[in-house]
Amino acid sequence: MDSESRYLVHKAKEATDYAYAPYSKFHVGAALLLEDGTLIIGSNQENASYPLSMCAERVAVYSASSQYPAKKIQKIAVVAHKKTKKDLVPATLCGGCRQVLLEYESKQKQAIELIMMGAKGKWIKCPSVVSLLPFDFDKSNLF
Ligand code: THU
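Rules used throughout
- Residues numbered from 1 in each chain as written.
- Predicted model: local features only at pLDDT ≥ 70, side-chain atom pairs only at ≥ 80, totals over all residues.
- Heavy atoms only, no water.
- Helix = DSSP H or I, 4+ residues; strand = E, 2+ residues; numbered from the N terminus.
- Rg over C-alpha atoms; globule rule 2.2 N^0.38 Å.
- Buried < 20%, exposed > 50% of the residue type's maximum accessible area, 1.4 Å probe, protein only.
- Areas by Shrake-Rupley, 256 points an atom, 1.4 Å probe, with all protein chains shown as cover.
- Patch = residues over 30% accessible without salt bridge, like charges linked within 9 Å, V, L, I, M, F, W, Y side chains within 5 Å.
- Salt bridge = Lys/Arg side-chain N within 4 Å of Asp/Glu carboxyl O.
- Near = heavy atom within 4 Å.
- Polar contact = N/O pair within 3.5 Å; in protein donor to acceptor, adjacent residues only side chain to side chain.
- Nonpolar A, V, L, I, M, F, W, Y, C, P; charged D, E, K, R; others polar.

Chemist: Explain the overall build of the chain to me, please; I cannot follow it from the model alone.
Modeler: When helices and strands are tallied, the chain shows three helices and six strands. What you see in the chain, going N to C, is helices and strands ordered as α-β-β-α-β-β-α-β-β. Taken against the 2.2 N^0.38 rule, which gives 15 Å for 143 residues, the C-alpha radius of gyration of the chain at 14 Å falls within 12% of a compact globule. Looking at the chain residue by residue over its 143 residues, the buried ones come to 42%. Surface exposure of the chain reaches about 7800 Å², of which carbon and sulfur atoms provide 57%.

Now the structure itself:
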């Protein structure tokens, strides 16, 4: 992995410290990089009314878009653990987060790179969100 991606993974790991996950005990952290080098983190935030909970990736991307709406998102790293940061578990983006990220990828007309951990601790890098969610609802993403 290149140094920038390693840095993002490191920051995503740190973000798991801020997860509020008393129900699932699944601590997820996301870190994204904007075009000017600004770093934004997010962590999952759960609620007693379970469906109101929010994934780490969405917390991060909504935070980015609400603070820096004009800055493009370059890449996002996502990690998760059940006990400690030293024992990461595989966590790929859920379908809902793919759809939400796709919205911003379409809007900015530039691919967002994804970094996540797959089976057996292997790092998965995807070049774009649309590669994980083809034939989506909004055809305008075919940039
Ligand atoms: N979760 C995320 O934060 N990101 C994902 O991509 C999948 C799941 C969270 C939601 C919930 O708080 C917990 O992980 C268990 O599903």
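Continuing now.
Chemist: What exactly am I supposed to notice about a nonpolar patch on the surface here?
Modeler: Taken together, the side chains of Tyr-20, Tyr-23 and Tyr-50 define a hydrophobic patch exposed on the protein surface, amounting to about 360 Å² of accessible area. Structurally, Tyr-50 is set in the loop between strand S2 (39-43) and helix H2 (56-67). On the accessibility criterion, Tyr-50 (56% relative accessible area) is exposed.

Chemist: How should I be thinking about the site of the ligand in this particular structure?
Modeler: In the vicinity of the ligand, the contacting residues are Ser-24, Phe-26, Val-28, Asn-44, Glu-46, Cys-55, Ala-56, Glu-57, Thr-92, Leu-93 and Cys-94. In this structure, Ala-56 approaches the ligand through a main-chain N or O atom, which is 2.9 Å from an oxygen atom. At 3.3 Å, a backbone N or O of Cys-94 approaches an oxygen atom of the ligand. Protein coverage of the free-state accessible area of the ligand, which is 370 Å², stands at 75%. Across the shell around the ligand, the residue classes tally to six nonpolar, three polar and two charged.

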